[in-house]
Amino acid sequence: MKKSSIFFIIILLLGYFLAPLFVNNAFSFKLSEIFILVLFASSFQFIARTAGMFSLGHAAFYGVGAYASAVLVQKGYSIFFVLLMAGVIAFLLSMIIGYLSLRSTGIYFAMLTLSLAQVVYLVIYRTPALGGQDGIPGILAQPINLFGWELDISRPEKYYYVIFFTVVVSIFILYILTNSSLGHFLRSIRENSVRTSSLGINVKRYQILAFGIAGFFGGVSGALLSPLEGIITPETLSWTQSALPLIIVLIGGINSFWGPIVGAITFEMLYSLTIDSGASNIYLGIILLAIVLLFPDGVIGVGRRFISMLRTSFSKKKGRNMEELKGVGKHGNSAARRSI
Amino acid sequence: MDVLLLPLVNGLTQAAVLFMIAAGLTLIYGVLGVINFAHGSFVMLGSYLTMFFFVGKFDTVLGLFSFIFISSVVITLLGWAVEVLVMRRMYKANEFYMVLATYAILLIIEGCVEKYWGASPLSLPLPDSLNTTISIFGISVPFYSILICIIGIAVMGILWFLMNHTNLGRIIRAAAADKTMTNSLGVNVPALFTVVFVIGIFLAAFAGGLLAPTVALLPNMGVNLVIQAFVVVVVGGLGNIKGALLSAVLVGVLDSFLGFYIPVLTGITSYIVMAVILTIRPQGLLGKVG
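Quick caveat: nothing in here was measured; it's all calculated off a predicted structure.

### Observations regarding the interface of chain A and chain B
Step number 1: Counting from both sides, the interface comprises 32 residues of chain A and, opposite them, 33 residues of chain B.
Step number 2: Tallied by class, residues from the side of chain A that touches chain B come to 23 nonpolar, seven polar and two charged.

Pasting the structure below:
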C-alpha cells in the first residue's frame, strides 16, 4: 500500500472512532449496521474475489454466528469470548459445507452451497429451543471490563466500539490473508486449478480452508448483529440474505479489496433513502441492473474511471503521453470484466 | 390404502407444477446458458394476474382456464421485453453477472407486485364445478389435483413433440450443442434465444396460473418456488428436460411421502436429496460429464 493511502485510512478510522461523540444515537446505530455489513461482505469477498468461489449460501454462516452469539450472550459470557466462539462454530459449519460443495464447481457449486444453507435455515426454523419462527428476543450484551474501566455495552452507542474494534481487526486480518502466501495460492487456483495442483499444491485443501476462513468472519459479523438488534429471527439465514453480500460487493466494485466497504455504505444509504417509499426493492433492482449493464466495476470502478479521466485532461495541459494513460484505463476495464 | 394414495397424488401434483417450472429453467439454461433467478417471479406474476382477471367475474371452469391462458400470454410479452432489453446484452458476460441481472429483475417484479397488491396473502377460490373430489379405489381425491397432473402430462407430451419432431426443436437442440456452428449454418441464434426464453416464461406463467387456486398468493412465493425448481433442475442435470421430469417426480413424491410420515422434514427433503445426489453424481442424474 502507498504511504498516502495508509495515512488516509488512519484519518478515516480516527473519524469513525470519534463519530459517536458527534452524532446522535440513531446514526451510530446505522453506522454499526454498516460496519457489520462491511465485515459480512468482506468475508464473502475473500472467497469470491481471491479464490473465485461464488457461494450463494453465505447467510448460513452469518445466521449461525448470530444464533450462537444470541445463545451465548444470554448465558452471560463476555462478548469477545462469544464472538470468538461464534466464529469457530461458523468455521466448523462452513468447513463441512465447503467439503460437500467443493465436489463440484461453477454453478453447481453455487447451487450446492445454496441448498445446504437452506437446510441450515430450515433446521434452525424448526428448532423450538431456538425460538422457531419467532427467533430469540431480548439479547443484551454483558458489560465488559477493560483494564478496570467498566463499559456498559448494552447501549448501541457504546456497543459501537465493540463492533468498530472487531470489524477493523477482522478486515486487517483478511487484508493480510489476501496478500499472504495463502492468498497467492488461492489466486493461482482461481486462474488455473489444474496447473496449480500439478505444482504440488493440494487445491481442495486450500479451497476448503479459504471457505472456512470466510465462514469464520461471516460468523463473527453475524455474532456482532444479535446484541445490536436485540432480537434474532430465522430470516437472518434466508437465501435472499445470501444474495446481500454479492449485491454489496458488486455495488462497491468486485475487483477491489475495498469494494465491500464502499458497497456497504452505498447500499445502506440507498436503503435509508428509499425505505419510506415502500418500494426499496424496485430501486435496488434498477440500480443492480444499471451496475450489471453499465458499470461492471461498481462505484470504485466509476471513481477510478473519473480520476483517470481527470488525470488525462490534466496531463494534456502538461503535454504528457496521453495514449499510454488511455490505454491503461481501457485495459483495466476489460481485464476487470474478464477476471471475475 | 389412503396413507399411500394421498401423499402420492399430492406428490405428483407438486411434481407436475415443478416440472413445468423446471422445464423452462432447464431449457433456458441449456440454450442460453443463463441461470434465471427471475423465473419464480414470473410464476408468481402468473398467479397474481390470474387472480386479478378471474376473481368474482367468470366463476366457471372455462373462465378459469381462459384467464390462466390470457395472463400467461401477457406475462410472455413481458418476458419477451426482458429478453430483448436486458438478457440480450448479458450473453457475453460472466455467468454471475447474469445471475445478478436476473436477480435484479426478480426484485423489480416482486417490488411492483408488493406495491400494487400489498404484502398480505391473497387467495383465489376454485370455481364450484372444480371444487369436487373424485373417488379412486374408494378414496376421495381432490379433482383439481388430478387435473393438474393431467395437464402436467400433456405439457410434457407437447414439449417432447416440440423438441423431437418439429424443426424448431431440432434447431433448439442444435443450438444447445453448438451455438457457433448453428449460427454459421444460417440460423438466427439471437432470435432463437428470444424464442426459447419466451417458451420458458410461458411455461412458468402457466404453472403459476394453475397453482393460484391451491396456494396463498404472496409476493415472495416465487422466490421459494424457484429454489425448489433449481433443486429439480440441478438434480436432473442442467439443460436436460428428461432429467428435469425424472427429478421433479422424484423430488415431488419423496418430499410428499417423507413430509406425510415425518412432518418435521417437509421442505428439507428436496435439499437433502440434492446434496446426496450431487455428492454421488456431481453432474446430476442425466447430466453429461464436464
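### Re the environment of P190 of chain B
Step number 1: Along the polypeptide, P190 of chain B turns up in helix 8 (residues 189-211).
Step number 2: Taking the C-alpha atoms as reference, P190 of chain B lies 43 Å from P7 of chain B; in sequence the two are 183 residues apart.

### Let's talk about the nonpolar core
Residues and elements named next belong to chain B.
Step number 1: In terms of nonpolar packing, the biggest core is built from 187 residues, with I21 and A22 touching the most fellow members.
Step number 2: Here this core takes 17 residues from helix 1 (residues 2-32), the largest share from any one element.
Step number 3: Those residues within four positions of A22 in sequence are excluded, and the remaining contacts are A229, V232, V233, A244 and A248.

### Regarding the UniProt feature "transmembrane region" (unreviewed entry) in chain A
Step number 1: In the UniProt entry, the feature "transmembrane region" (unreviewed entry) is given for residues 6-24, 54-73, 80-100, 106-124, 159-178, 206-225, 246-270 and 282-307 of chain A.
Step number 2: The straight-line gap between the two end C-alpha atoms of residues 206-225 of chain A is 29 Å; of that span, 100% is helix and 0% is strand.

### Thoughts on the packing of helix 3 (residues 61-90) of chain B against helix 8 of chain B
Residues and elements named next belong to chain B.
Step number 1: The N-to-C vectors of helix 3 and helix 8 enclose an angle of 140°; their axes lie 8 Å apart at closest approach. Read as a crossing pair, helix 3 and helix 8 show a hand that is right-handed. Only P190, T194, F197, V198, I201, F202, A205, F206, G209 and L210 of helix 8 make contact with helix 3, whose side of the interface consists of I68, S71, S72, I75, T76, G79, W80, E83, V84, M87 and R88.
Step number 2: Residues that form the contact of helix 3 with helix 8 fall into these classes: 13 nonpolar, six polar and two charged.

### Quick word on the UniProt feature "transmembrane region" (unreviewed entry) in chain B
Residues and elements named next belong to chain B.
Step number 1: UniProt's feature table lists "transmembrane region" (unreviewed entry) at residues 12-32, 37-55, 61-85, 97-117, 137-163, 189-213, 225-251 and 258-280, given in the numbering used throughout.
Step number 2: For the annotated span residues 97-117, helix accounts for 100% and strand for 0% of the residues, and the straight-line distance between the end C-alpha atoms is 30 Å.
Step number 3: As annotated, residues 189-213 comprises 92% helix and 0% strand, and the C-alpha atoms at either end are separated by 38 Å.

### Some words on the confidence of the model for chain B
Residue and element names in this part refer to chain B.
Step number 1: In the predicted model, chain B carries a mean pLDDT of 84, and 97% of its residues have values of at least 70.
Step number 2: When the elements of chain B are averaged for pLDDT, strand 1 (residues 133-136) gives the smallest value, 76, and helix 8 the largest, 91.
Step number 3: Confidence estimates for the predicted assembly give a pTM of 0.83 and an ipTM of 0.81.

### Digging into helix 5 (residues 143-165) of chain B
Step number 1: Taking 1.5 Å per residue as the helical rise, helix 5 of chain B with its 23 residues ought to reach 33 Å, and the 32 Å between its terminal C-alpha atoms agrees with that figure.
Step number 2: Within helix 5 of chain B the residues assigned to the buried category are I148, G152 and L159 of chain B.

Conventions adopted
- Residues numbered from 1 in each chain as written.
- Chains lettered and ligands numbered in written order.
- Predicted model: local features only at pLDDT ≥ 70, side-chain atom pairs only at ≥ 80, totals over all residues.
- Contact = placed C-beta atoms within 7 Å.
- Nonpolar A, V, L, I, M, F, W, Y, C, P; charged D, E, K, R; others polar.
- Helix = DSSP H or I, 4+ residues; strand = E, 2+ residues; numbered from the N terminus.
- Core = buried A, V, L, I, M, F, W, Y, C linked by C-beta atoms within 7 Å.
- Buried ≥ 20, exposed ≤ 12 C-beta atoms within 10 Å, placed from the backbone.
- UniProt positions renumbered as here; feature names shortened; annotations may be inferred.
- Axes fitted to C-alpha atoms, helices over the stretch in contact; angles between N-to-C directions.
- Left-handed = near helix turned anticlockwise from the far one by under 90°.
- pLDDT = per-residue confidence, 0-100.
- Expected span 1.5 Å × (residues − 1).

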